[in-house]
Amino acid sequence: MTTAMPSTDRAPALTRKPATMAQALNQALRDALATDPAVHVLGEDVGTLGGVFRITDGLTREFGEDRCTDTPLAEAGILGTAVGMAMYGLRPVVEMQFDAFAYPAFEQLVSHVARMRNRTRGATALPITVRIPYGGGIGGVEHHSDSSEAYYMHTPGLHVVTPATVEDAYGLLRAAIASDDPVIFLEPKRLYWSKADWSPQAPNEVAPIGRAAVRRPGRTATLVTYGPSLPVCLEAAEAAKEEGWDLGVVDLRSLVPFDEETVAAVVRGTGRAVVVHESSGFAGAGAEIAARITERCFHHLEAPVLRVAGFDIPYPPPMLERHHLPGVDRILDAVGRLQWEEG
Amino acid sequence: MTVLDTPAWRPRTDAAPLLPDREPYRLLGTPAAARLDAALLRTLYGHLVRGRRYNQQATALTKQGRLAVYPSSTGQEACQIAAPLALRPQDWLFPSYRDTLAVVARGVDPVEALTLLRGDWHTGYDPRAHRVAPLSTPLATQLPHAVGLAHAARLSGDDVAALAMVGDGGTSEGDFHEALNFAAVWQAPVVFLVQNNGFAISVPLAKQTAAPTFAHKAVGYGMPGRLVDGNDAPAVHEALTEAVDRARAGGGPTLVEAVTYRIDAHTNADDATRYRDDSEVAAWRAHDPIALLERELTGRGLLDDALRRAVADEAEAMAASLRERMHDDPRLDPMELFAYVYAEPTPQLREQQALLRAELEAERQS
């Protein structure tokens, strides 16, 4: 059902050296373009410039303008033409330059990308990957820091995936491109320059879509999070040791399909959970996750599932964003409210 | 050094050849009609008569409750027929929700073409079978699809063109603009047919655009715009064929505006008397596409009573078959609701499917 897996005909030695998430994403695109002629990258500034975040750096030079294309400035047109390309059998990987700039493409996404398979009883699948840099914490002015995952999660027919580590950036992007379902691939832009020892040469390393990762086992309480909030949660877990708390951290990686099995198993082990995300809390991803954890784990819960999320406000101006983003203190305060006294 | 010396200031293309003629292109009733191929004229005639009968029958089926809705193309049959006939098997057609006739003329089964409007599923045919995209309900969103597909075909080195259909109302949507822009920048082998039928439900042309004609919009994108009498079947066919040939030869996209009229209301649920005069409708009835073609055929001795009767009988047989096949309720399977959302249903979807299955089972047993 899926297309070519990562190439194994590179040098066998695994040299692990520090690479950034941006480099890992770039490598994933390069490898996908090299192994599958159907893959086409398109978007604003992705070609000659290599993307405003350099994620597509060098791709046009290596594969040509027909494979990595600078499009006119028109998000609905980019997604709409990608639909047509996918109908013809290509595998478009489109870039929306910033989360909020994907909004003009929303109709194409919701009315067609998400529905074409269903509309045609499976005859016409649209294996499109929509790469979107999302999240704040980069000092961006208005519209540059949105997190729109809830809209996409709420749209049946779309898979929604978000890496938080360098390794997952590579693996999940390869998996997203290989998937026959349309995937909204949310890239946490403030982690673009995060580094890790990583090698693209490890064969068959394609992280499965639909599986969460337990980043840190813990016995006291569980932090459930994804994307840009993962490092914050890991930092909170470290700081929590001083309070005598052993916090576990689950990185969802995939919002749709949602790995209920892993999350429920981990939370049943601790009986306490806090969901952490940047986007506004009301009707956000955390609301769905909290409802599901409550339904599945109710008799194992010692406290209600809490959420630490952005306020229900339009994303703030850069000088005020630190008050809005979930930070270590706010997370630890929430953990503190998980009804320890009754326990 | 003035702006004239700077690299940015250069008209990228010559505008004059891109502009349409002052008057819509016509063939019927002109001396040029004499050179038209007799076989083509007869083919067009047969399709037009069957098409008109299909429109009437589908409208009747809606009144009987067999269809949820039917946006009729009565009066526009020349455009509906000419578009698919201008394409070869390997080309693709991208219809809007009023273009059921075009879909049927392309080869899609007359009942399968009505699935969307009957309401048993969102589309009743495999797009790949006759290379017809699903009937698009949102306006103009199928235009970028056509551009992307044509572009993909060109990138693949395939001799494939796409023809996208849109109405006068649809040209106001952003996707119309974006599609034409992409098409021209990419020189995609795509033809845009604007069926200007005078109304977007109740909103007339004057409230839809201030452009001299829709064909004039083409020059803004850097593609030729052609204006044609939309009720002159051979003229529309010729204009579209020229445009498709141009696209195939690497000449890029074309915008063809066909001037026609929507004789019926928007759908059976609409009351057109609220926004237009019967006298206007009557004037267009006098310019009926079938009557125009009949006049030419009769004048050239290509249509006698026997042929006229044979074509009418064929149309009646088609209508009767449609009635019969639409008489029974369609087969419905609620489990299909979960089957095609993704390549594989999510665990959550499987649970929901089980829930519905249990409900239906309980229903069956009670």
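The structure presented is a predicted model; accordingly, all values stated were derived computationally and were not measured. (Residues numbered from 1 in each chain as written. Chains lettered and ligands numbered in written order. Predicted model: local features only at pLDDT ≥ 70, side-chain atom pairs only at ≥ 80, totals over all residues. Heavy atoms only, no water.)

The next subject is the interface of chain A and chain B. The interface is formed by 44 residues belonging to chain A together with 41 residues belonging to chain B. The contact between chain A and chain B buries some 3600 Å² in all, and 62% of this surface belongs to carbon and sulfur atoms. For chain A, the biggest contributors to the area lost against chain B are Y88(A), N118(A) and R121(A); these three give 22% of the whole. Linking chain A with chain B are 2 salt bridges, by the criterion used here. Measuring nitrogen to oxygen at the nearest pair gives 2.9 Å for the salt bridge that ties E351(B) to R296(A). In this assembly, chain A and chain B are joined by 16 residue pairs in polar contact (both at pLDDT 80 or more). At the level of elements, β2 (39–43), α3 (75–87), α4 (106–113), α5 (116–119) and α10 (285–297) of chain A are the ones that each hand at least two residues to the side of chain A that touches chain B. A breakdown of the residues in the side of chain A that touches chain B according to their chemical character gives 18 nonpolar, 16 polar and 10 charged. (Contact = heavy atoms within 4.5 Å. Buried area = accessible area lost by both parts, 1.4 Å probe. Salt bridge = Lys/Arg side-chain N within 4 Å of Asp/Glu carboxyl O. Polar contact = N/O pair within 3.5 Å; in protein donor to acceptor, adjacent residues only side chain to side chain. Helix = DSSP H or I, 4+ residues; strand = E, 2+ residues; numbered from the N terminus. Nonpolar A, V, L, I, M, F, W, Y, C, P; charged D, E, K, R; others polar.)

Hydrogen bonds along the backbone pair up the strands of a sheet, which may run parallel or antiparallel. Residue and element names in this part refer to chain A. Here we have 5 strands laid out as an open sheet, ordered β9-β11-β10-β13-β14, and mixed in their pairing. Two strands lie at the open edges of the sheet, namely β9 (213–216) and β14 (306–310), each paired on one side alone. Between one strand axis and the next, the sheet turns through 25° on average, direction left out of account. Here 3 bridges tie β9 to strand β11 (residues 247–251), and the two strands are oriented antiparallel to one another. The partner of A213 across the bridge, within β11, is D251. Here helix α9 (residues 260–270) sits on the sheet and contacts β9, β10 (221–225), β11 and β13 (273–280); the angle it forms with β10, its principal contact strand, is near 155°. Set on the sheet, helix α11 (residues 328–336) makes contact with β10, β11, β13 and β14; between it and β14 the angle comes to about 160°. (Pairing = 2+ DSSP bridges. Axes fitted to C-alpha atoms, helices over the stretch in contact; angles between N-to-C directions.)

So, about the pairing of β10(A). Residue and element names in this part refer to chain A. For β10, the buried fraction is high: 5 of the 5 residues fall into the buried class. Side chains A221, L223 and T225 project from β10 onto one buried face, and the interleaved T222 and V224 project onto a second face that is buried too. Sheet topology places β10 next to β11; 5 bridges connect them, and they run parallel. Paired with A221 across the two strands is L247, which belongs to β11. With helix α8 (residues 229–240) bridging β10 and its parallel neighbour β11, the resulting β-α-β unit is right-handed. Pairing of β10 with β13 involves 4 bridges; the strand directions are parallel. Its bridge partner lying in β13, T225 is registered against V276. (Buried < 20%, exposed > 50% of the residue type's maximum accessible area, 1.4 Å probe, protein only. Right-handed = clockwise from strand over helix to strand, strands pointing away.)

As a further point, take the side chain of R262(B). Residues and elements named next belong to chain B. Mapped onto the elements of the fold, R262 is located in the loop between β7 (254–259) and α11 (278–285). Within the structure, R262 has its side chain in polar contact with the side chain of Y275 (distance 2.5 Å). For R262, the residues in contact, after removing those within four places along its chain, are S72, T74, Q76, R98, N197, F199, I201, D270, Y275 and R276.

Right, let's talk about the domain arrangement of chain B for a bit. Taken domain by domain, chain B consists of domain 1 (29–332) and domain 2 (334–366). With centres defined by C-alpha atoms, the gap from domain 1 of chain B to domain 2 of chain B works out at 38 Å. (Domains from an automatic or database assignment.)

This brings us to the packing of α8(A) against α11(A). Residues and elements named next belong to chain A. Closest axis-to-axis distance for the α8/α11 pair is 9 Å, and the angle between their directions is 60°. As summarised for this structure, α8 and α11 are arranged oblique, according to the angle between their axes. α8 and α11 meet at a crossing whose hand is right-handed. Contacts between α8 and α11 pair V232, C233, E235, A236, A239 and A240 from the former with V328, I331 and L332 from the latter. Residues of the contact of α8 with α11, tallied by class, amount to 8 nonpolar, no polar and 1 charged. (Parallel < 35°, antiparallel > 145°, perpendicular 65-115°, else oblique. Left-handed = near helix turned anticlockwise from the far one by under 90°.)

Right, let's get into the sheet that holds strand β3 (residues 190–196) of chain B. All names here are of chain B. If you walk across this open sheet you meet the 5 strands as β1-β2-β3-β7-β6, and the pairing is parallel. In this open sheet, the two strands that pair with only one neighbour each are β1 (92–94) and β6 (225–229). Between one strand and the next, the sheet's axes are offset by a mean angle of 20°, whatever the strand orientation. In the sheet, β3 pairs with β7 via 6 bridges, with the strands oriented parallel. Bridging across to β7, F192 finds its partner in L255. Together, β2 (162–167), β3 and β7 form the strand contacts of helix α2 (residues 77–85), whose direction differs from that of β3 by roughly 170°.

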